[in-house]
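# Structural description and commentary
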Amino acid sequence: MGRWTITSGFDPPHQSDTRTVYIANRFPQHGHYVPQRFADNRIISSKYTIWNFVPKNLFEQFRRIANFYFLIIFLVQLMIDTPTSPVTSGLPLFFVITVTAIKQGYEDWLRHKADNEVNGAPVFVVRSGSLVQTRSKNIRVGDIVRVAKDETFPVDLVLLSSDRIEGTCHITTTSLDGETNLKTHYSVPETLVSRSVSRLESLHAVVECQQPDADLYRFVGRITITQQGEEIVRPLGPENLLLRGARLKNTKEIFGVAVYTGMESKMALNYKCKSQKRSAVEKSMNTFLLIYLGILLFEAVLSTILKYAWQAENKWDEPFYNQKTEQERNSSQILKFISDFLAFLVLYNFIIPISLYVTVEMQKFLGSFFIGWDLDLYHEESNQMAQVNTSDLNEELGQVEYVFTDKTGTLTENEMLFRECSINGVKYQEINGKLVPEGMTDDSLDGSSPRLVKSHLTPLPNCEELLFLKAVSLCHTVQISYEQPGDGPGDPFSHANGFSSQMEYYASSPDEKALVEATKRMGVTFMGSHGETMEIKTLGKSEKYKLLHILEFDANRRRMSVILQTPSGEKMLFTKGAESAVLPFTTGGEIDKTRVHVDEFALKGLRTLVVACRHFSAEEYVEVDRLLHEACTALQQREERLAEVFSFIEKDLELLGATAVEDKLQEKVQETIEALRLAGIKVWVLTGDKHETAVSVSLSCGHFHRTMNILELVQQKSDNECAEQLRQLARRIKEDHVIQHGLVVDGASLSLALRGHEKLFMEVCKNCSAVLCCRMAPLQKAKVVRLLKTSPEKPITLAIGDGANDVSMIQEAHVGIGIMGKEGRQAVRNSDYAIARFKFLSKLLLVHGHFYYIRIATLVQYFFYKNVCFITPQFLYQFVCLFSQQTLYDSVYLTLYNICFTSLPILIYSLFEQLVHPHVLQSKPALYRDISRNSLLSFKTFLYWTLLGFCHAFVFFFGSYILMGEDTSLMGNGQMFGNWTFGTLVFTVMVITVTLKLALETHFWTWMNHFVTWGSIAFYFIFSLFYGGIIWPFLHTQDMYFVFVQLLSSGSAWFAIVIIITTCLFPDIIKKVFYRHLQPTSTQKSQLIETDHQGIGCLDSMCCYSQGENGCTRLGRMVEQVIGRCDPVRGNRSWSDTDPFYSNDQSILTLSPMEATHC
């Protein structure tokens, strides 16, 4: 048998770019040798260690503007005399830093735990003449490692020997490049005999190879073996290297020498460096903080200037009751100005809400548990629930614009199923292991039908069907493993009897395996190959064929062939490949009918292959054999010469038929992709698989539509060719702007496109509804994600995959999601979120993402609003106290405002709020567009909340001032109110108003919302009565003694409280009512009740008469539409999964419902 590996010849790498590995670490004995230092075999995906956690975490936290700002304020309070205590800034800062550090430390501990599982895995290495068990992390470069069947390789190994006589082994690289096909790797002839530990111990060899490289498909090296004093040099290539993360298949055990370990292995080099991901909301928060910092500096500078302008008059500079000391008179004016400026800065510093960060951290941490608790994201078969590795990005799930997904194991199940075939122009389908002509059922045919293969016991009179099945069962590179307890593979032919329960096929592609298994069910069974012999069993009768040549598949030909000698001595060629690569070379058979059938198969989303054959005369075969031998031994232009010979051989073919195989998709993949598309999210498929396979799966999963115009950028050879093709594609898109376009691009063409034509490539991609990238290396996937990420629009990206080959893009994207599939846990360990199936992505984004975003967006805006309300009266107060830096509020109130009085309602809101029912969000994916592009944190919205805060603050201050400005004798006994009573009145109105404002924003009320909303107001009153009603011995001064009791004993104060709160909130209610009625968003429309729905509305029930509707009913219906739903139980309204409206929007604005029966 002739078999060739086309290589470009061995070119030893330059000395400076090489590493020398002494097998079994037998270093030269002369004294001049200095061993090279190599990385250990630990994999590290964590960010911190026990030593750098504190400094590194503090550094990252103080990069946040608010944290750094409060640190400065705290230091200022320590250094100079300020109106407030350093505790007011230091305590909240310490709390924020501590909570954040605990959260991030816990998340990193989980990463350490996952790393330890990998690094602590048991492995066997040859040391000191024996096989020793150790941990994976202890493997060193040069160690000889033993790997058994179905184990993953713990390091990058050069294959030395296997239990097979020919020294080969079979591996799958699914977790590296997404390919499920079986790959054959080889050892060099001089080491393949070293199958035992004793033989390996006596092996003297040195491996020289290139330094670590991220390219999975490139390896250049050589091995020098010393035998009987003679040195033998052999080249090493990718076919000799076993990569970490790949899995050994169909081979009992192998021995290999470790050449790349740990973070220098190719798998680890394809990981991106783990960087700190920051959400768009956090970036918006920092922008808003800068604006508020500007407001703060403006207020502090203005107050300082006005103070000195006021004090220009002597009577105010040094009044009789406040004489200056000699030191104060002689002090520097500049230092006094700076000191006053810093004092005002401290006085107003609460406008920057430090508690915002701790609330956000708690909201993210606690909110992330909802994903794990969601039973809709639980996969019962694998007993796996959704997992959150990084809670910092919860809200980013609601902002995704591009999804980049792997194919194999993410969209598909990695299971191929034979469905249909066309034989000699007749279409068949498989029913219960039998081929049945289309239009008939198994029961309607009897055993004598000439076109029915009933089973391997049924005679088959038609030789055309039999030849087709033989061609399918022989034209492949399938390997067979025979499982027997305590037995190795052995001789395949010794298992000819009773093979069915012990035989397992391993194929070079999943299609081949599915086809060989299908022919076995239909009576033509491939029994295995041994050396140059292939055996099949046809209807119970054994036949042996001699394998003469294999013409391997390549991307240009898009077909593969085998040349066989039949049992009768005839030489035959069997060919299979894509229809475009085979049909043009056929001269006989039912060509037109088969072409129609292939198109029909493709429309069903099935993967098709065309099968043909050619008979050689003795003279023709001699010529073919000679040409193949000359081409494969050529030293120059070997690839071109082989391609010419293959074209000469694979012609004048006789068409036998076509096969149709289904690549089984995961459940609900098509529905998920369609939901994402309706939500305005573009889906890109990035896969390492072949072009044809990838396109077929894209069509079957709905990524590409049948009506879509598919554009291709494949097999580009040069920059100029690539640029010209991109220009042509751009022109086609402009000309056919009405039609949807899909783009297919391969890895080689992508490299050229990204090299100098990024702008043109992005223009083409953005005008395509769907993009498919095939033959992608792991780092290429990350480059594509980065290209979109850094484009001018700065879209939010999400990457999802299940293998180690997806880790780079998962880490590059704004949000990375790992699938808990069959390809190991690398993707899950390095992801931000992990789910068991692709279908769960729709709920994760459309529901959880929606909820997280609206919650945290409102949380951020509300925090700025309530802090403007809090500190603006303090600024206004300075105008009536000559800018003396007198505080309006007691220091206890200053400290507890954000920590106790107003913190819990917004925290509970941010955990439980639901604008729309989850069923509605999933059934109406377009609602996702309402929150896209960070719309709820736009500058317009931010400006609204800020101005609202200033307006409310003015009402608080001047409303209280008008009440007390002219006459402070508001008590019945003539007692007067002082400045602390005035400040307490402002503070009381403020606490109640900001709490009720949040109540107005709440749509989804739970008992916890009620408890914390009304409980916070009640707690403020109880605390104030308790704090001001007792003389506390540990306080130096107690300005608030009996102030609150005195305030509440005044009827005028109560009247002012009610009037001020109403004045603040009533315009807001009016605005919400009219905006919801006149300009409702899609989300608000989904909350409205249908006017013609059966049943009676809550407001209608208050206005109904026996004569029917009246004006009140009409008004009630309008208001009910504006303010949302009422209680569904009392309105006799039931909820179903198909109901398009929201059943739980019990808004505080909704009037108490009445029983409909009362009418």
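No experiment lies behind these values; they were computed from the predicted model shown.

Definitions and limits used
Residues numbered from 1 in each chain as written. Predicted model: local features only at pLDDT ≥ 70, side-chain atom pairs only at ≥ 80, totals over all residues. Heavy atoms only, no water. Pairing = 2+ DSSP bridges. Helix = DSSP H or I, 4+ residues; strand = E, 2+ residues; numbered from the N terminus. Axes fitted to C-alpha atoms, helices over the stretch in contact; angles between N-to-C directions. Salt bridge = Lys/Arg side-chain N within 4 Å of Asp/Glu carboxyl O. Parallel < 35°, antiparallel > 145°, perpendicular 65-115°, else oblique. Left-handed = near helix turned anticlockwise from the far one by under 90°. Contact = heavy atoms within 4.5 Å. Nonpolar A, V, L, I, M, F, W, Y, C, P; charged D, E, K, R; others polar. Core = buried A, V, L, I, M, F, W, Y, C linked by side-chain atoms within 4.5 Å. Buried < 20%, exposed > 50% of the residue type's maximum accessible area, 1.4 Å probe, protein only. UniProt positions renumbered as here; feature names shortened; annotations may be inferred. Phe/Tyr/Trp six-rings, centres within 6.5 Å; stacked < 30°, edge-to-face > 60°.

Ordered in space as β1-β8-β9-β10, the four strands form an open sheet in which the pairing is antiparallel. Bordering the open sheet on either side are β1 (18-22) and β10 (230-236), each of which pairs with just one other strand. If you compare each strand with its neighbour and ignore which way they point, the axes differ by 20° on average. By the bridge criterion, seven bridges tie strand β9 (residues 221-227) to β10 in an arrangement that is antiparallel. Its bridge partner lying in β10, isoleucine 225 is registered against isoleucine 232.

Right, let's talk about the pattern of salt bridges for a bit. The full count for this structure, using the stated rule, is 43 salt bridges. Via salt bridges that share partners, Lys103, Glu107, Glu361 and Asp392 belong to a single interconnected network.

A separate point is the packing of helix α3 (residues 87-119) against helix α11 (residues 354-367). The description of two helices packed together rests on the angle between their axes and the distance between the axes. Following both chains from N to C, one finds α3 and α11 inclined at 25°, their axes separated by 9 Å at the closest point. The orientation of α3 with respect to α11, classified from their angle, is roughly parallel. Considering how the two elements wind past one another, α3 and α11 form a crossing that is left-handed. Residue-level inspection shows Pro92, Leu93, Phe95, Val96, Val99, Thr100, Lys103 and Tyr106 of α3 in contact with α11, the latter providing Ile354, Tyr357, Val358, Glu361, Met362 and Phe365. Residues belonging to the contact of α3 with α11 are distributed by class as follows: 11 nonpolar, one polar and two charged.

All right, on to the nonpolar core then. Judged by nonpolar contacts, the single largest core of 99 residues is most densely connected at Ile352, Val860, Tyr889, Phe987 and Met990. For this core, the leading source of residues is helix α27 (residues 840-877), giving 19 residues. When near neighbours in sequence (up to four residues on either side) are disregarded, phenylalanine 987 contacts Phe870, Tyr889, Tyr893, Tyr897, Phe901 and Tyr1020.

Under the UniProt annotation, "transmembrane region" (unreviewed entry) lies at residues 65-80, 287-310, 341-360, 844-865, 942-964, 976-999, 1011-1035 and 1041-1066. Segment residues 844-865 splits into 100% helix and 0% strand. End C-alpha atoms: 30 Å apart.

What follows covers the packing of aromatic side chains. Inspection of the entire model under this criterion finds 53 aromatic pairs. With 6.0 Å between their ring centres and 85° between their planes, phenylalanine 288 and phenylalanine 864 make a pair best called edge-to-face. Here phenylalanine 864 lies in helix α27 and phenylalanine 288 lies in helix α7 (residues 280-310), a separation of 576 residues in the sequence. Among the residues examined, phenylalanine 864 registers a relative accessible area of 1% and is labelled buried. Considering the side-chain rings of tryptophan 1005 and tryptophan 1014, the 6.4 Å spacing of their centres and the 5° angle between planes classify their relative orientation as stacked.

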